[in-house]
4 protein chains.
Amino acid sequence: MCRFIAYTGEITLMEDLLFNAENSLVRQSKQAKMRVNPLNGDGFGVGWYPTHSDELPGTFVSIEPAWSNRNLSQIATKIPTKHFFAHVRDASVGMPVSQSNCHPFQYGRYLWMHNGRLDQFSCFRRLLLSELSDQAFDFIKGNTDSECAFALFLDEIAFDQQASHSKLVQGMRNTIEKISDYRRQVGASTNAFINFALTNGQESVFTRYSTLADVRPASLFYHQEGENIIVSSEPVTENSDYWTKVERNTLLSVCANKVVAEALF
Amino acid sequence: MCRFIAYTGEITLMEDLLFNAENSLVRQSKQAKMRVNPLNGDGFGVGWYPTHSDELPGTFVSIEPAWSNRNLSQIATKIPTKHFFAHVRDASVGMPVSQSNCHPFQYGRYLWMHNGRLDQFSCFRRLLLSELSDQAFDFIKGNTDSECAFALFLDEIAFDQQASHSKLVQGMRNTIEKISDYRRQVGASTNAFINFALTNGQESVFTRYSTLADVRPASLFYHQEGENIIVSSEPVTENSDYWTKVERNTLLSVCANKVVAEALF
Amino acid sequence: MCRFIAYTGEITLMEDLLFNAENSLVRQSKQAKMRVNPLNGDGFGVGWYPTHSDELPGTFVSIEPAWSNRNLSQIATKIPTKHFFAHVRDASVGMPVSQSNCHPFQYGRYLWMHNGRLDQFSCFRRLLLSELSDQAFDFIKGNTDSECAFALFLDEIAFDQQASHSKLVQGMRNTIEKISDYRRQVGASTNAFINFALTNGQESVFTRYSTLADVRPASLFYHQEGENIIVSSEPVTENSDYWTKVERNTLLSVCANKVVAEALF
Amino acid sequence: MCRFIAYTGEITLMEDLLFNAENSLVRQSKQAKMRVNPLNGDGFGVGWYPTHSDELPGTFVSIEPAWSNRNLSQIATKIPTKHFFAHVRDASVGMPVSQSNCHPFQYGRYLWMHNGRLDQFSCFRRLLLSELSDQAFDFIKGNTDSECAFALFLDEIAFDQQASHSKLVQGMRNTIEKISDYRRQVGASTNAFINFALTNGQESVFTRYSTLADVRPASLFYHQEGENIIVSSEPVTENSDYWTKVERNTLLSVCANKVVAEALF
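Residues numbered from 1 in each chain as written. Chains lettered and ligands numbered in written order. Predicted model: local features only at pLDDT ≥ 70, side-chain atom pairs only at ≥ 80, totals over all residues. Heavy atoms only, no water.

## Re the overall build of chain A
Okay, step 1: Each helix and strand in chain A was counted, giving 7 helices and 13 strands.
Okay, step 2: Taken against the 2.2 N^0.38 rule, which gives 18 Å for 265 residues, the C-alpha radius of gyration of chain A at 17 Å falls within 12% of a compact globule.
Okay, step 3: Within chain A, buried positions represent 63% of all 265 residues.
Okay, step 4: The contacts of chain A with a sequence gap of at least 6 include a subset with a gap of at least 24, amounting to 67%.
Okay, step 5: Side-chain charges in chain A split into 24 positive and 29 negative, and the spacing between the mean points of these groups amounts to 4 Å. (Helix = DSSP H or I, 4+ residues; strand = E, 2+ residues; numbered from the N terminus. Rg over C-alpha atoms; globule rule 2.2 N^0.38 Å. Buried < 20%, exposed > 50% of the residue type's maximum accessible area, 1.4 Å probe, protein only. Contact = heavy atoms within 4.5 Å. Lys, Arg positive; Asp, Glu negative; His and termini not counted. Charge placed at Lys NZ, Arg CZ, Asp CG, Glu CD.)

Here is the structure:
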């Protein structure tokens, strides 16, 4: 089910959240606290927006566990950034561990992560793919439900690199509705865990959602201190007062130093 | 455009053809003789049929170059086999180097390799995929034209694990015709290099073919000595008298200690 | 502190102990039961003795976690063997995860594994290395205490490929005494966890030992059923009656279908 | 024998020299022009000095070939720097391809690369190691002659992070003299190829040297345009007028926008 972290704020190095914090993402890769299966050792990825005049993020992904990758510790300590996404993966059973399956996925300015599982994906994958535009279809390089969801989203915003905040929010809602619709069409009645994360380097949209009302979605928290905002699968520091739990069925927008929560459906 | 070797015959270790021969496959991975670009350093794979009562081959693939992979040298010297496929890859531009893209591809008893390139693949990939059965569609894990061709073939033989020799040959012919048809439909008029290799562990089928009459297909040779038969992209030993060149537009069957060549079209 | 398994007996495939058993080694790589830190995700290795006339084992090692390595599942299901070692690694802090640091280590007919830690190794490493013969010194390729212990052992048996059982046992004792002596010389007074495993493909020697009397050594168990003998860091099947615990300060010999325990010191 | 590039000058991205130039380092990894064996596919590494207030370089190394590593293309296009080293490796026969053996090697502010081979290294390796300080001995993590030479150098400058230019130059000379001395002691009379590269992020020292007068050392060139200075194993652009060949037996200093060549011995 994975773990992720998103940061926006003052220029920082990624090391604080990835390595130094009490419950840093790399610690979560070995021993996440809010998962039944605490291990997220099936590769990882980071995507950061440069501080110079380049709107496109850089990404670094690996199929190795985050805890033993020497390059990650270098990247985390040497690259200043105001905005980054990071993800440690716990692959669904049978899914290959490959670079193409590592989050965050990138298209132009956008980064996308998923903490969850679109249950019974194999049953509606072909249907989903058949509905994609050629551009979205060709965009997909790996095997994950998460990347297919991103392709759906890109179609929803018509691959617009300059999409407005409201367009991003609407795209996210439409994406989840389409997924729910495809699942209905094939009779997929189990729960889908849908914690998505999207950013364009300026503003971000997150969801905490499960398709069944009686199943608790994967956890999601945020913390704001001035302009610095962290959104993550679980608190990264031990002081839990510090963290606000995102309620279920929520879409969270982080934009212009503000965090706004609204009901998804 | 890759290089491959296929062996059938007495029980042997793979090391002779993979490492020891003057122009062994691992040497070809660094410096193939019959290619303009001599390098095949984008991963490799072997598939061998066990000598005990197990009809399904084992495979070993890696994204590392064959020449520096310490596990390959172990596997090549320790596993007796009467029948194996081996492949070193030169990835087409833009194609990821991943385990899912390494040859040989496997389905049940079958192994499949490709030395060539289905030019303009991106133009007819979606058309090809749309024509596949669900089983063939779901079978595909990677990004290559080669694996898609194998999926086509599996549909042609209806995924039959006990397909007769003539059915395998007909399946191979149909596969190439379908590829040519899909290419025609999208106006792909450049050459496609179609040297396929298929085996079920008992008998094998190879092709040497190019879709344009004035383009020479990738090279293909074989050598027979008693029951031992080697088919490979280029001669593996220096004595070239030893090797028979497969003519263009040929389908080569290796079956019951015999090599039979017939015109493809 | 790692986990390991050793098997000798009837011809088998490695998959039963590596994958299928309730507490298989691959399960232990994610969630070992008898360790405070249950994770052994820093690479793995297997060494098996071929069933044909080849006295030298083959090895397969990887820096990837055992649970997601597709080649391991192939090797485990396709290679018959009467005798094998397998190991999943939890690297000591600061130790690189590299193929050279994966167990089992091999010299000629011998395989060597270690479940434990020679505490304060950095303090006596240079002293230990300075006492090695040139052959033993040059043998070392990686950074681990475990490989240095094996080099010590090889010196103790004078690199003799035909060493008798008593010579192997004496070599093991001498190796541990030397390690203890080097540690004393540099004032290393913390505990060293010394569970070693050695085999020549016919007979094996194991130790369960800690240098401090009040520290419990790492666990070690064995199970015998006819000629089939398994020695492993923890029971591999759920039926614990089935397994005999090896007492601390023990040297265990597995030889000619017999398991013999004797006090180490 | 490897290939390397060093850059100092205005803030740039590494992509120009690593990917875009006619004879970029990544092209050299596949097809170097000034080597008998053109292939440098045994891993690579880059070390860059951040543009913010951090004197210590970041490094990124991999055992994969440079040409197919997707992370390298990201790092090369997203990280601004005024000073970097980059290296593609052709491993000497028998040397493991591992991250610990990738150049550049780092100690604090220093980066070190080697294009060459200390022939008969196995004969004088133990002698060299025995002469090292404990700090230098413990510094070594891999198996290469190149890293041992760096350890020697670090001893020569007493691990001084603030060593003056003249101290760096003297340290380089002493390092080569010691290597030559150790080789003489063991009767190593073949040629050693000694093209070293050292930097502290401000100034750099290079050598082009072979121990035998009748053997041509590995190639070395530089190009200066204003404050931008490139030193590399071979010209990176096609216009060869642009490049100054470094004469054999030369120590080249790059310091304060100047390139100064002096005879080594």
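Next comes the rest of the account.
## Here we look at the sheet that holds strand β3 (residues 58–62) of chain B
Okay, step 1: Strand order in the open sheet formed by 7 strands is β3-β2-β4-β1-β10-β9-β11 (chain B), with antiparallel pairing between adjacent strands. With partners counted over all chains shown, the strands left at the sheet margins are β3 and β11 (244–245) of chain B, one partner each.
Okay, step 2: Bridging between strand β9 (residues 221–225) of chain B and strand β10 (residues 228–232) of chain B involves 5 bridges; their strand directions are antiparallel. Among the inter-strand pairings, Gln224 of chain B is bridged to a residue of β10 of chain B, identified as Ile229 of chain B.
Okay, step 3: With respect to the sheet, helix α3 (residues 70–78) of chain C is in contact with β2 (44–48) and β3 of chain B, its orientation differing from that of β3 of chain B by roughly 155 degrees. (Pairing = 2+ DSSP bridges. Axes fitted to C-alpha atoms, helices over the stretch in contact; angles between N-to-C directions.)

## Remarks on the relation of the copies chain C and chain D
Okay, step 1: Rotating chain C by 180 degrees and translating it 0.0 Å along the rotation axis places it on chain D, where the RMSD comes to 0.0 Å. Taken together, these values place the two copies in the relation of a two-fold axis.
Okay, step 2: Comparing contact sets, 100% of the residues at the interface of chain C also lie at the interface in chain D, consistent with an isologous, same-surface contact. (Least-squares fit on C-alpha atoms with pLDDT ≥ 70 in both.)

## Focus on the pattern of salt bridges
Two side chains with opposite charge may pair up if their charged atoms get near one another.
Okay, step 1: Evaluated as defined, the whole model comprises 40 salt bridges over all chains.
Okay, step 2: Note that Lys78 of chain D is salt-bridged to Asp54 of chain A, the shortest N-O span being 2.7 Å. Taken together, the residues span two chains, with Lys78 of chain D in helix α3 (residues 70–78) and Asp54 of chain A in the loop between β2 (44–48) and β3 (58–62). For the pair Lys78 of chain D and Asp54 of chain A, a shared accessibility class is recorded, and that class is buried. (Salt bridge = Lys/Arg side-chain N within 4 Å of Asp/Glu carboxyl O.)

## Examining the interface of chain C and chain D
Okay, step 1: Taken together, the contacts link 13 residues of chain C with 15 residues of chain D.
Okay, step 2: Per-residue buried area on chain C facing chain D is highest for Arg125, Arg126 and Phe137 of chain C; these three make up 49% of the total on that side.
Okay, step 3: Here chain C and chain D share 4 salt bridges between them.
Okay, step 4: Taking the shortest distance from any N to any O, the salt bridge between Arg125 of chain D and Asp138 of chain C comes out at 3.6 Å.
Okay, step 5: At the junction of chain C and chain D, the tally comes to 10 residue pairs in polar contact (both at pLDDT 80 or more).
Okay, step 6: Of all the secondary-structure elements, those providing two or more residues to the side of chain C that touches chain D are α4 (121–131) and α5 (134–139) of chain C.
Okay, step 7: Counting residues per element, the side of chain C that touches chain D draws most heavily on α4 of chain C, which supplies 4 residues.
Okay, step 8: When the residues that make up the side of chain C that touches chain D are grouped by side-chain class, the tally is 4 nonpolar, 4 polar and 5 charged. (Buried area = accessible area lost by both parts, 1.4 Å probe. Polar contact = N/O pair within 3.5 Å; in protein donor to acceptor, adjacent residues only side chain to side chain. Nonpolar A, V, L, I, M, F, W, Y, C, P; charged D, E, K, R; others polar.)

## Looking at the interface of chain D and chain A
Okay, step 1: At the junction of the two partners, chain D supplies 21 residues and chain A supplies 21 residues.
Okay, step 2: A buried area of about 1,700 Å², summed over both sides, lies between chain D and chain A, and 46% of it is on carbon and sulfur atoms.
Okay, step 3: Looking at the side of chain D facing chain A, the largest losses of area belong to Arg70, Asn71 and Lys78 of chain D, adding up to 34% of the total buried there.
Okay, step 4: Connecting chain D to chain A are 2 salt bridges.
Okay, step 5: Inspection of the region where chain D meets chain A yields 10 residue pairs in polar contact (both at pLDDT 80 or more).
Okay, step 6: Listed by contribution, the elements that provide at least two residues to the side of chain D that touches chain A are β3 (58–62) and α3 of chain D.
Okay, step 7: Looking at which element gives the most residues to the side of chain D that touches chain A, the answer is α3 of chain D, with 6 residues.

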